[in-house]
Amino acid sequence: MYVYGPVPSRRLGRSLGVSPIPPKTCSYTCVYCQLGRTTDLQIKRESYFPKEDILADIISSAPEGKTDYVTFVGDGEPTLNKDLGWLIQHTRDRLHLPVAVITNGSLLSRKDVREDLGMADVIIPTLDAGNEMTFRAVNRPHRNISFDSMLRGQIDFRREYSGQVWIEVMLVKGLNDTEEELQSIKHAIDMIEPDRVYVLTPIRPPAESWVKPSDPQTILRAQEIFGGAVSVTELETGQFGLTEFTNARQAIMEIGSRHPLRSEQATEIELMFSESGVVRQMIENKELVNFKYNGVDYLLPEHFARGR
Ligand code: SF4
């Protein structure tokens, strides 16, 4: 199954998520990644799955009138799928819905990737650093990706692309949120000239247990330095689309493997399927593990919690 949701997104409303990538396949292994550590760190673009199957799944999963965006996001980096341009184009043609791509932006130095993303309506690239050293500390990229090539790619894409570019900056306490680091990120943002900037901080369980969210006053300072950036530091609210699932257990495992579920969200899913007691049973069977992060209780699938 390649499609999940619609899920409530803090920027995209009700977003139908599409993952065209095998789990944890990425060109980065960010310290804050909510998917855990990358297991396949790579930069080679591949056709991972039959593109017609992904498209069929997108078309059959989009509930009419209930989706604001189809979002290619992936259980890793979506631009590693070399069929991405074809998928974006056919999704737009068939569904007449706006398409967004959430990408780490590392492959935008490649012309084929820029051409593929050029077909989407909104591109949301990551920019967590303004220099090589911090880039390596936060994003831990593949050895063949340098800060300069990543930044050059984002600048070139912005110049060629007429759609919306919304940069996301994830601030990690003590790593990229000092005054000096924020000024350095601002310098890089100015070179790209995006339409919007969002400031985030890890609010869901990260890959590395030592990662902590930035303080509220630091986030305010970042918003100010970045010229009125929007803060997206609240936990999302709203219900998950569950039509493609046949029971609560399946829904909790599939959604929870991509999007860490707070305890109350798992219980809501249980209630929506009228399957009282399923969550408790899954905890007893050790399919779900209790995990506390930043004062919030999560229930993570056991394989997803391992190593954190
Ligand atoms: S946060 Fe995104 S870019 Fe970073 S490792 Fe996870 S999937 Fe890759």
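Bear in mind the structure is a predicted one, so any value in this text is a computation, not a measurement. (Residues numbered from 1 in each chain as written. Predicted model: local features only at pLDDT ≥ 70, side-chain atom pairs only at ≥ 80, totals over all residues. Heavy atoms only, no water.)

Points about the overall build of the chain
Turning to step 1, where the next piece is worked out: Along the chain, the regular secondary structure elements total 11 helices and 13 strands.
Turning to step 2, where the next piece is worked out: Whereas a compact globule of 308 residues would reach a radius of gyration of roughly 19 Å, the chain reaches 19 Å, a difference of no more than 12%.
Turning to step 3, where the next piece is worked out: Counting only residues that meet the buried cut, the chain has 59% of its 308 residues in that class.
Turning to step 4, where the next piece is worked out: Once local pairs closer than 6 in sequence are excluded, the contacts in the chain between residues at least 24 apart make up 73%.
Turning to step 5, where the next piece is worked out: For the chain, the exposed area adds up to about 13200 Å²; of that, 49% sits on carbon and sulfur atoms.
Turning to step 6, where the next piece is worked out: Both charge centroids of the chain, one from 35 positive and one from 43 negative side chains, sit 2 Å from each other. (Helix = DSSP H or I, 4+ residues; strand = E, 2+ residues; numbered from the N terminus. Rg over C-alpha atoms; globule rule 2.2 N^0.38 Å. Buried < 20%, exposed > 50% of the residue type's maximum accessible area, 1.4 Å probe, protein only. Contact = heavy atoms within 4.5 Å. Areas by Shrake-Rupley, 256 points an atom, 1.4 Å probe, with all protein chains shown as cover. Lys, Arg positive; Asp, Glu negative; His and termini not counted. Charge placed at Lys NZ, Arg CZ, Asp CG, Glu CD.)

A few points about the environment of Tyr-161
Turning to step 1, where the next piece is worked out: For Tyr-161, the position within the fold is in the loop between helix H5 (147-160) and strand E8 (164-170).
Turning to step 2, where the next piece is worked out: Sequence separation between Tyr-161 and Leu-80 is 81 residues, and the spatial gap between their C-alpha atoms is 20 Å.
Turning to step 3, where the next piece is worked out: Residues contacting Tyr-161, with those up to four places away along its chain left out, are Leu-117, Gly-118, Ala-120, Asp-121, Val-122 and Ile-123.
Turning to step 4, where the next piece is worked out: Looking at Tyr-161, its side chain comes within polar contact range of the main-chain oxygen of Asp-121, at 3.2 Å. (Polar contact = N/O pair within 3.5 Å; in protein donor to acceptor, adjacent residues only side chain to side chain.)

Focus on the layout of surface pockets
Turning to step 1, where the next piece is worked out: Estimated volume of the largest pocket: approximately 180 Å³.
Turning to step 2, where the next piece is worked out: Mapped onto the lining of the largest pocket, the elements with two or more residues apiece are helix H8 (248-256) and helix H11 (302-305).
Turning to step 3, where the next piece is worked out: For the lining of the largest pocket, the residue count by class is 4 nonpolar, 2 polar and 4 charged. (1 Å grid on protein atoms, 1.4 Å probe; cavity = no way out; pocket = protein on both sides within 12 Å on 5 of 7 lines; lining within 4 Å. Points joined across faces, edges and corners; volume = space filled by probe spheres on them. Nonpolar A, V, L, I, M, F, W, Y, C, P; charged D, E, K, R; others polar.)

What about empty space enclosed by the protein?
Turning to step 1, where the next piece is worked out: This structure, assessed with the given rule, holds 1 cavity of 30 Å³ or more.
Turning to step 2, where the next piece is worked out: A volume near 970 Å³ is recorded for the largest cavity.
Turning to step 3, where the next piece is worked out: Going through the elements one at a time, strand E1 (3-9), strand E2 (13-18), strand E6 (99-103) and E8 are the ones with two or more residues in the lining of the largest cavity.
Turning to step 4, where the next piece is worked out: Among the elements that line the lining of the largest cavity, the one with the most residues is E1, at 4 residues.
Turning to step 5, where the next piece is worked out: Classifying every residue of the lining of the largest cavity gives 18 nonpolar, 14 polar and 11 charged.

Some details on the domain arrangement of the chain
Turning to step 1, where the next piece is worked out: Each assigned domain of the chain is listed here: domain 1 (3-231) and domain 2 (262-305).
Turning to step 2, where the next piece is worked out: Here the C-alpha centre of domain 2 lies 27 Å away from the C-alpha centre of domain 1.
Turning to step 3, where the next piece is worked out: Taken together, the contacts link 10 residues of domain 1 with 6 residues of domain 2.
Turning to step 4, where the next piece is worked out: The contact between domain 1 and domain 2 buries some 670 Å² in all, and 63% of this surface belongs to carbon and sulfur atoms.
Turning to step 5, where the next piece is worked out: Considering only the side of domain 1, the residues that lose the most area to domain 2 are Ile-203, Pro-205 and Pro-213, jointly responsible for 54% of the buried surface there.
Turning to step 6, where the next piece is worked out: Where domain 1 packs against domain 2, one counts 0 salt bridges.
Turning to step 7, where the next piece is worked out: At the boundary of domain 1 and domain 2, one finds 3 residue pairs in polar contact (both at pLDDT 80 or more).
Turning to step 8, where the next piece is worked out: Classifying every residue of the side of domain 1 that touches domain 2 gives 7 nonpolar, 1 polar and 2 charged. (Domains from an automatic or database assignment. Buried area = accessible area lost by both parts, 1.4 Å probe. Salt bridge = Lys/Arg side-chain N within 4 Å of Asp/Glu carboxyl O.)

Quick word on the sheet that holds strand E11 (residues 261-262)
Turning to step 1, where the next piece is worked out: Strand order in the open sheet formed by 3 strands is E11-E13-E12, with antiparallel pairing between adjacent strands. Across the chains shown, the open sheet's two edge strands, defined by having one partner strand only, are E11 and strand E12 (288-293). (Pairing = 2+ DSSP bridges.)

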